[in-house]
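Next come the chains, spelled out residue by residue.
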Protein chains: 2
Amino acid sequence: MMRPLMAALGAAVLSTPPAVAADIDVGRQRATQCSSCHGVNGRSPVPNYPNLAGQNALYIQYALELYREEARTGGLAGLMHVQAAPLTDEDIANLAAYFGSLD
Amino acid sequence: MMRPLMAALGAAVLSTPPAVAADIDVGRQRATQCSSCHGVNGRSPVPNYPNLAGQNALYIQYALELYREEARTGGLAGLMHVQAAPLTDEDIANLAAYFGSLD
């Protein structure tokens, strides 16, 4: 059950939903650039990098937006900014849907 | 197969291993404070919050250290700093081992 405060915090950071429907198949193709660090099928071969398989799609969207805008800093955020900078809102929605769909 | 550059980047951010062996059972008990946002068993009930179940333990350790030191900013990092600030290295190692052990 979602607590009211938590729900409010969650709602406060939700991005505007993308204008386009997310396409898992397009996301899968776009994700080839992610695979060297996050693994084929979202299971990272690097122990201190996150797995993305099965992650909440909305969290992935949110994180990619933060990286793209350089709003998330610390650790290897600079590396992720370089990756995310060229992504459109549609790319992000597709990538989030793809990784969220994985087991 | 791990690429040399990726391996070097990975190694560069690895924390010093904790002085104590991680204890999954102790981590499970410590994780009760995490469950309202990240879910019982690490499956978040909030769609824009990350699942932690099955995440790489070393990534969880690394993220908690960043939050604790306020080295990660952006989004809801301030909220996570409050949660992580009281954690010892041992707490973090135990939490990371616990969430990493979940399916």
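Residues numbered from 1 in each chain as written. Chains lettered and ligands numbered in written order. Predicted model: local features only at pLDDT ≥ 70, side-chain atom pairs only at ≥ 80, totals over all residues. Heavy atoms only, no water.

Caption draft 1: Broad picture of unusual backbone geometry. With a phi angle near 55°, Glu70(A) is a residue other than glycine that sits in the positive phi range. Residue position: Glu70(A) is located in the loop between helix H4 (57-68) and helix H5 (77-84). Backbone geometry places Asn41(B), a non-glycine residue, at a positive phi of 65°. Look at Asn41(B) and you get partly exposed, because its relative accessible area is 43%. (Helix = DSSP H or I, 4+ residues; strand = E, 2+ residues; numbered from the N terminus. Buried < 20%, exposed > 50% of the residue type's maximum accessible area, 1.4 Å probe, protein only.)

Caption draft 2: Structural detail: the nonpolar core. Ala31(A), Leu64(A), Leu87(A), Leu95(A) and Phe99(A) are the most contacted members of the largest nonpolar core, which totals 23 residues. If you tally residues by element for this core, the top one is H4(A), at 7 residues. Filtering out sequence-adjacent residues up to four positions away, Leu64(A) remains in contact with Met80(A), Ala84(A), Leu87(A), Ile92(A) and Leu95(A). Listed in part, the 20 residues of the second largest apolar core include Ala63(B), Ile92(B), Phe99(B) and Leu102(B). (Core = buried A, V, L, I, M, F, W, Y, C linked by side-chain atoms within 4.5 Å. Contact = heavy atoms within 4.5 Å.)

Caption draft 3: Structural context of the environment of Pro45(B). Residues and elements named next belong to chain B. Note that proline 45 resides in the loop between helix H3 (35-38) and helix H4 (57-68). Judged by its relative accessible area of 36%, proline 45 is partly exposed. A C-alpha to C-alpha distance of 9.2 Å links proline 45 and serine 35, two positions 10 residues apart in sequence.

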